[in-house]
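Summary of structural features
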Amino acid sequence: YAQLLERLNDPLRIALLPRISRSSDKDSIELTCKGLRVSFIISFVSSLLLVLIIKPFIILVYGKEFEKIANVIYIIIPGLFLKNLSMFFNTYFAGIGKELINSYTQIFPGIFQLFLSWYLINKYGFEGACISLLIGFLFFSAIYFTYFIYVNNLNINFLILNKKDFNYVANFLLAQIKSIF
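Residues numbered from 1 in each chain as written. Predicted model: local features only at pLDDT ≥ 70, side-chain atom pairs only at ≥ 80, totals over all residues. Heavy atoms only, no water.

To continue, consider the pattern of salt bridges. Inspection of every chain in the model, using the stated rule, returns 5 salt bridges. A salt bridge links E30 to K26; the nearest nitrogen and oxygen atoms lie 3.7 Å apart. Here E30 pairs with K26, and both are found in helix 2 (residues 25-62), just 4 residues apart, close to one helical turn. In this structure, E67 and K64 form a salt bridge, with 3.1 Å as the shortest nitrogen-oxygen distance. Salt bridges sharing partners connect three or more residues here, namely K55, K64 and E67. (Salt bridge = Lys/Arg side-chain N within 4 Å of Asp/Glu carboxyl O. Helix = DSSP H or I, 4+ residues; strand = E, 2+ residues; numbered from the N terminus.)

This is the structure we're talking about:
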């Protein structure tokens, strides 16, 4: 699922990188925020679909005795969702020539997750690993979101979905459907 989510959003992030690198500060921030909001819609819908189909799919393919595997996905989906969105900030910082920030923002969450994993896996086993992964992703995403907002002195409203974002995604999907038929 993580790779699928990344593949849904990678084309958008890849297309943004050169545009961010040649844009003004204000325009690059607006492009990043718009990409993040559009990606939110796409990622949310795909995450919701996965939540709805994963358990029946596992039961159908592997049998009832494996249905608890779906719990792993239920646990880590929120973290994967936010981590994937926060990768737009990775693209932003790479585009403005500050790639080193991307490395720095991963150090503390990585160390935190290492210790958290050790503790939770010893205490809860496999579920502890899933919880550790979730918390690590949430922590990583919180640092990226906070840093991006702080460095750019940004109002949080720039990250809030609006009607234009939904229209953009709907128009894109309609254009894709029309091109197929």
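Next, the rest of the story.
On the surface, a cluster of positive charge is made up of R19, R22, K34 and K164. Assignment of secondary structure puts R22 in the loop between helix 1 (2-21) and helix 2. (Patch = residues over 30% accessible without salt bridge, like charges linked within 9 Å, V, L, I, M, F, W, Y side chains within 5 Å. Areas by Shrake-Rupley, 256 points an atom, 1.4 Å probe, with all protein chains shown as cover. Lys, Arg positive; Asp, Glu negative; His and termini not counted. Charge placed at Lys NZ, Arg CZ, Asp CG, Glu CD.)

Interaxial distance between helix 3 (residues 69-95) and helix 5 (residues 126-151) falls to 8 Å at its minimum, and their mutual angle equals 30 degrees. The angle between helix 3 and helix 5 falls in the class roughly parallel. As helix 3 runs across helix 5, the sense of the crossing is left-handed. A breakdown of the residues in the contact of helix 3 with helix 5 according to their chemical character gives 23 nonpolar, 4 polar and 1 charged. (Axes fitted to C-alpha atoms, helices over the stretch in contact; angles between N-to-C directions. Parallel < 35°, antiparallel > 145°, perpendicular 65-115°, else oblique. Left-handed = near helix turned anticlockwise from the far one by under 90°. Nonpolar A, V, L, I, M, F, W, Y, C, P; charged D, E, K, R; others polar.)

Positive phi, close to 45 degrees, is recorded for N153, a residue that is not glycine. Relative to the elements of secondary structure, N153 occurs in the loop between helix 5 and helix 6 (163-180). By relative accessible area, which is 72% here, N153 ends up exposed. (Buried < 20%, exposed > 50% of the residue type's maximum accessible area, 1.4 Å probe, protein only.)

In this section: the environment of L8. Along the chain, L8 turns up in helix 1. As for L8 and F108, which are separated by 100 residues in sequence, their C-alpha atoms are 28 Å apart. The residues touching L8, leaving out its near neighbours within four places in the chain, are I42 and S46. (Contact = heavy atoms within 4.5 Å.)

Moving on: the packing of aromatic side chains. Scanning the entire structure with this criterion turns up 14 aromatic pairs. Summarising the aromatic geometry, the rings of F89 and Y144 are spaced 6.3 Å apart at their centres and angled 50 degrees between planes, so their arrangement reads as tilted. Within this pair, whereas F89 is found in helix 3, its partner Y144 is found in helix 5, the two being separated by 55 residues in sequence. One exposure class covers both F89 and Y144, and it is buried. Considering the side-chain rings of F140 and Y144, the 5.0 Å spacing of their centres and the 80 degrees angle between planes classify their relative orientation as edge-to-face. (Phe/Tyr/Trp six-rings, centres within 6.5 Å; stacked < 30°, edge-to-face > 60°.)

Purely geometric stuff here, so don't read any function into it on its own.
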